[in-house]
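Given next are the chains, with one letter for each unit.
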Amino acid sequence: MDRYRAWMAEALAEASAAAEAGDVPVGALVIDPGGAVIGRGRNAREAGHDPTAHAEIVAMRAAAAALRGWRLDGCTLVVTLEPCTMCAGAALAARLARIVFGAWDEKAGAVGGRIDVVREAGLPHAVEVVAGVAADESSAMLREFFERRR
């Protein structure tokens, strides 16, 4: 898990920027097989008036543009919150090798929390999941954001 902490720190910075813009603080990176960041994203649903503008989707779109193709074979998605069903499905469709996340999402998590979309039996593509990297920091950022909104 330590090998993912530096990337998670960058994802947390993206999450902080999302909160400053009025969006739920979730940040994401896509890392290529060589360890380079090829996509960054933060929640932008409020800013972009786009229900699909989750941090993971934004980061995967940026990575696909950088690679000039939709297949993210061998890449890793690093995200501060467990992906939802939409984002887990997009990760499968993009052929990501791995999802690394911080906080569990008990309400909408789809990579082992509420349901497990990416490890469903019979899928043609396996995705490794690494959970709980900087979970305390990710959870605290979300908790503080929602406490301020109440």
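None of the values given here were measured: they were computed from a predicted structure.

## Regarding the pairing of strand S3 (residues 76-81)
Move 1: Taking burial as the measure, the six residues of S3 include six buried ones, the bulk of the element.
Move 2: Summarising the sheet, strand S1 (residues 27-31) and S3 pair through four bridges and their orientation is antiparallel. Looking at S3, one finds that Leu29 is bridged to Val78.
Move 3: With five bridges joining them, S3 and strand S4 (residues 98-103) adopt parallel strand pairing. Note on S4: the bridge partner recorded for Val78 is Val100.

## A few points about the packing of helix H1 (residues 5-20) against helix H5 (residues 135-149)
Move 1: The contact between H1 and H5 brings their axes to 10 Å, and the two run at 5°. Between H1 and H5, the crossing angle belongs to the class labelled roughly parallel. Touching Arg5, Leu12, Ala15, Ser16 and Ala19 of H1 are Glu137, Ser138, Met141 and Phe145, all from H5.
Move 2: Here the contact of H1 with H5 is built from residues that sort into five nonpolar, two polar and two charged.

## Describing the sheet that holds S1
Move 1: If you trace the five strands from one edge of the open sheet to the other, you get S2-S1-S3-S4-S5, paired in mixed fashion. A single partner strand is all that each edge strand has here, and the edge strands are strand S2 (37-42) and strand S5 (128-131). Taking each pair of neighbouring strands and ignoring which way they run, the sheet shows an average axis angle of 15°.
Move 2: Lying over the sheet, H5 contacts S3 and S4, oriented at roughly 60° with respect to S4.

Procedures and definitions
Residues numbered from 1 in each chain as written. Predicted model: local features only at pLDDT ≥ 70, side-chain atom pairs only at ≥ 80, totals over all residues. Heavy atoms only, no water. Buried < 20%, exposed > 50% of the residue type's maximum accessible area, 1.4 Å probe, protein only. Helix = DSSP H or I, 4+ residues; strand = E, 2+ residues; numbered from the N terminus. Pairing = 2+ DSSP bridges. Axes fitted to C-alpha atoms, helices over the stretch in contact; angles between N-to-C directions. Parallel < 35°, antiparallel > 145°, perpendicular 65-115°, else oblique. Contact = heavy atoms within 4.5 Å. Nonpolar A, V, L, I, M, F, W, Y, C, P; charged D, E, K, R; others polar.

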